[in-house]
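# Architecture at a glance
Listed below are the residues making up each chain.
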Amino acid sequence: MSRRRLRRVRPLEVSVRRGTLVEARHRVHAVAVRGGAVVEAAGDPGLVTYLRSSAKPFQALPLVRARPDLTSEEIAIASASHLAQPEQLAAVRSLLARAPAEENELECGPEPTPVEHNCSGKHAGMLALCRAKGWASGGYRLGTHPVQQGCLAEVAAASDTAAAEIPTAVDGCGVLTFALPLERMALMFSRLERLEGGREVAAAMQAHPELVRGPRAADTMLMRELPGWTAKGGAEGLLCAAGPDGLGVALKVEDGSMRAMRPALAELLRRLGLETGELGIEPVANSRGEVVGEVVAER
């Protein structure tokens, strides 16, 4: 991948306004990649951070290859960070039944129950993969298990990075998480639909954005507002997405606040010449539901 433009430039700045005053500011690092080259950047495109839940579309690839019997809803929920809404839990339970596996086999921990944990779809998919491969499912979350080693291999291949060079840690739900520079994350997403199983994952997420997160989340809104886009957010202020023309983007809010994500994402896409509709509008409301301010990207 070309590194000619991997230089530090001014980060995106997102302001939180209440009335006439700015109460807070968020710095956002962002990068866009097309054809293996950086085409737009703000802040440090080489910033190394963890993929967290933005890895889920790639963690779902081994499952999709091994289980051609999955529905699009089951693939979407395996790639999701859901909000435990009824339709989301129904998709998780459908995937568990297809595995087949029981709810008490989920190793994501309670939130307040394992099936309601926002990563339960991914974990149900990992159990389904174990059944397909004939692997023991106990401890599938551990770094030494074939499931996690397979996920590491997917991330390494998609990002053109040797697996041994990728720092790993334990994610919030107990599985491995992987650290990469933002430009490598954008590269991964730019390639998603060209990977084996990637087209199926992208199509499922695009068909069911409401299963992936929720109505006001940046990833769900992007997939609704811009046809052909696939997007997945991650904890601590991360979002990665793929456009229909081989464009990959990655954004990281420096302080980890997700409230800055939608305005920052809309500003990055604006710089790329794309219309974003309602994506960048983030009102600040009080407990009465009254709009008293806004979260907005500075230009």
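Residues numbered from 1 in each chain as written. Predicted model: local features only at pLDDT ≥ 70, side-chain atom pairs only at ≥ 80, totals over all residues. Heavy atoms only, no water.

## Thoughts on the overall build of the protein
Put simply, the test is: Helix and strand definitions here come from DSSP, where helices need a minimum of 4 consecutive H or I residues and strands a minimum of 2 consecutive E residues; each element is numbered from the N-terminal end. Values of the radius of gyration come from C-alpha atoms, whereas the globule rule sets the reference at 2.2 Å times the count of residues to the power 0.38. In this scheme, a residue with accessible area under 20% of its type's maximum is buried, one over 50% is exposed, and one in between is partly exposed, where area comes from a 1.4 Å probe on protein chains only.
For the protein, the count of helices and strands is 11 helices and 11 strands. Its C-alpha atoms give the protein a radius of gyration of 19 Å, near enough to 19 Å, the size a compact globule of 299 residues would have. C-alpha atoms of the protein, sized along the principal axes, occupy 60 × 50 × 30 Å. Burial analysis of the protein (299 residues in total) assigns 54% to the buried set.

## Section: the packing of helix α5 (residues 120-133) against helix α6 (residues 146-159)
Rule in force here: Only the stretch in contact is used when fitting a helix axis, every axis being a line fitted to C-alpha atoms; angles between N-to-C directions are given from 0 to 180 degrees. In these notes the angle categories are as follows: under 35 degrees is roughly parallel, over 145 is roughly antiparallel, 65 to 115 is roughly perpendicular, and the rest is oblique. The contact criterion used is simple: two residues touch if any of their non-hydrogen atoms lie within 4.5 Å. Residue classes follow a fixed rule: Ala, Val, Leu, Ile, Met, Phe, Trp, Tyr, Cys and Pro count as nonpolar, while Asp, Glu, Lys and Arg count as charged, and any other residue, Gly among them, counts as polar.
One can describe the packing of α5 onto α6 by two numbers: an axis separation of 10 Å at closest approach and a directional angle of 105 degrees. With respect to their mutual orientation, α5 and α6 come out roughly perpendicular. Here α5 contributes Met126, Leu129 and Cys130 to the contact with α6, which in turn contributes Val147, Gln148 and Cys151. Residue composition of the contact of α5 with α6, by class: five nonpolar, one polar and no charged.

## A word on the pattern of salt bridges
Our working definition: For this document, the term salt bridge refers to a Lys or Arg side-chain nitrogen within 4 Å of an Asp or Glu carboxyl oxygen.
Counted by the stated rule, this structure contains 23 salt bridges. Arginine 184 serves as the salt-bridge partner of glutamate 183, at 3.3 Å between the closest nitrogen and oxygen. Members of the salt-bridge network, linked through shared partners, are Glu267, Arg270, Arg271 and Arg299.

## Examining unusual backbone geometry
Alanine 99 connects to proline 100 through a cis peptide bond whose omega is -10 degrees. Residue placement: proline 100 occurs in the loop between α4 (86-98) and α5. The omega torsion across glutamate 111 and proline 112 is 0 degrees, close enough to zero to call that bond cis. Mapped onto the elements of the fold, proline 112 is located in the loop between α4 and α5. Of note in the backbone geometry, glutamate 236 takes a positive phi value of approximately 60 degrees without being a glycine. Inspection of the secondary structure puts glutamate 236 in the loop between β7 (230-234) and β8 (238-242). Exposure remark for glutamate 236: the relative accessible area of 47% places this residue in the partly exposed category.

## Some details on the packing of aromatic side chains
Spelled out, the test is: Only rings of Phe, Tyr and Trp enter the pairing, Trp through its six-membered ring, and a pair is recorded when the two centres are within 6.5 Å. The plane angle decides the type: under 30 degrees is stacked, over 60 is edge-to-face, the rest tilted.
Within this structure, the stated rule accounts for one aromatic pair. When the centroid spacing of 5.1 Å and the interplanar angle of 75 degrees are considered together, the rings of phenylalanine 58 and phenylalanine 189 count as edge-to-face. On the criterion of sequence distance, the pair formed by phenylalanine 58 in helix α1 (residues 56-59) and phenylalanine 189 in helix α7 (residues 182-191) is long-range, its members being 131 residues apart. A relative accessible area of 0% places phenylalanine 58 in the buried class. With a relative accessible area of 1%, phenylalanine 189 lands in the buried category.

## So, the pairing of strand β6 (residues 176-181)
Inclusion rule: Pairing between two strands requires that DSSP report at least two bridges joining them.
Of all six residues that make up β6, six are buried, and the element is covered over most of its length. Taking every second residue as pointing to the same face, both faces of β6 are buried, with Leu176, Phe178 and Leu180 on one and Thr177, Ala179 and Pro181 on the other. Relative to β6, strand β4 (residues 48-50) is paired through three bridges, and the arrangement is antiparallel. Bridge assignment links threonine 49 to a residue of β6, and that residue is leucine 180. Alignment of strand β5 (residues 168-170) against β6, held across three bridges, turns out to be antiparallel. If you follow valine 170 over to β6, its bridge partner there is leucine 176. Hairpin remark: β5 followed by β6, antiparallel, with five residues in the connecting loop; positive phi at glycine 174, about 100 degrees.

Read these as geometric descriptors, not functional statements.
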